[in-house]
Amino acid sequence: ISLGHASLKEKALWREAEDKIKDPVESFQKICETKAPFSFDKESFKGWDFEDGFVGHCVGMVRELESACEGSTEGKQAIQKQVKSLQCAQRAEGSPERHELKNGALRYTVAKGSYNSNDTAWVNRNIATASGTPELSRKWENIATANRSQLNQLNSNCETSIGFELDQKSFLARTESQADGSMCSSAIELVERLCQEPPSRKAVVGKIKKITCRATQKEGHAFASLSGGNLVFDVGYDRSSDSTELTTWLKAHL
């Protein structure tokens, strides 16, 4: 049905549908800082009773894109660059979900009787970020945020410019229930604490230029090496760590 040939009642129902999806679309545009417009493929929805609430089916993808932007600079940049418009269309019940992104135009389908279950997976497979996917970008940026304040405090108190690097590849297999990159702050904290001790301060300032954090299959955390100014810290699965043992290792290698 096109508005040009629709009855007054149909026009009113379409306006109601567009009003219902207006807030989610505007939220997506605000979070992603984009002007990408949304539209319904009205002809495709012929035969779908307005009372069945197809708007709720269409809004899923809008929210998935917003989620890709939220808390992720890389995700936001990817959406801005790759998605210039969105259109929701109806597909036959029981037929596969379809997502098509061509020249910035994203067209996706919904069906009566069930909500889409592949929108999240599609976004992560097809929206490319510098780190790979929106999900990974958000993960790395959350880890960076968790460690940034601790690193800034270290450099301020010790008058250093020590850098930080996360070995992303080693963390890819981590699950939410396992220790993640936020545990890297343990190494940063220990270096700062050592810097506060006059005998160790000069060694910290002179020998540590960067802290590299990586995930291992071991249970506990441990310093692995200090070479060429790069202090390597291994994060294990156990969230606890023996700070005395770690401090002893650090003092012995400075």
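Criteria and cut-off values
Residues numbered from 1 in each chain as written. Predicted model: local features only at pLDDT ≥ 70, side-chain atom pairs only at ≥ 80, totals over all residues. Heavy atoms only, no water. Pairing = 2+ DSSP bridges. Helix = DSSP H or I, 4+ residues; strand = E, 2+ residues; numbered from the N terminus. Axes fitted to C-alpha atoms, helices over the stretch in contact; angles between N-to-C directions. Contact = heavy atoms within 4.5 Å. Buried < 20%, exposed > 50% of the residue type's maximum accessible area, 1.4 Å probe, protein only.

### Quick look at the pairing of strand β3 (residues 99-102)
Then, in step 1: As paired strands, β3 and strand β4 (residues 105-110) are joined by four bridges and run antiparallel to one another. Its bridge partner lying in β4, His 99 is registered against Tyr 108.

### Section: the sheet that holds β3
Then, in step 1: Taken in spatial order, the four strands of this open sheet run β1-β2-β4-β3, and their pairing is mixed. One side of each edge strand has no neighbouring strand; the edge strands of this open sheet are β1 (38-40) and β3. Ignoring which end each strand starts from, the neighbouring axes of this sheet average 20 degrees apart.
Then, in step 2: Bridge count for β1 against strand β2 (residues 85-90) is three bridges, and the pairing is parallel. In the sheet register, Phe 38 faces β2, and the bridge partner there is Leu 86.
Then, in step 3: Along the sheet, helix α2 (residues 54-69) contacts β1, β2, β3 and β4; its crossing angle with β4, the most-contacted strand, is approximately 140 degrees.

### Looking at the environment of Leu 101
Then, in step 1: Mapped onto the elements of the fold, Leu 101 is located in strand β3.
Then, in step 2: Leu 101 sits in the partly exposed class, given a relative accessible area of 29%.
Then, in step 3: Leu 101 sits 26 residues away from Ile 127 along the chain, and the two C-alpha atoms are 9.6 Å apart.
Then, in step 4: Aside from chain neighbours lying at most four places away, what touches Leu 101 is Gln 82, Leu 106, Trp 122 and Ile 127.

### Here's the deal with the sheet that holds strand β5 (residues 163-166)
Then, in step 1: Reading across from one edge, β5-β6-β8-β7 is the order of the four strands in this open sheet, with mixed pairing throughout. Bordering the open sheet on either side are β5 and β7 (222-227), each of which pairs with just one other strand. Direction aside, neighbouring strands of the sheet carry axes that sit 20 degrees apart on average.
Then, in step 2: For strand β6 (residues 210-215) and strand β8 (residues 230-235), the ladder comprises six bridges, and the chain directions are parallel. Among the inter-strand pairings, Thr 212 is bridged to a residue of β8, identified as Val 232.
Then, in step 3: Across the sheet, helix α5 (residues 134-158) lies against β5 and β6, angled at about 155 degrees from β5, the strand it touches most.

So yeah, pure geometry; function would need other evidence.
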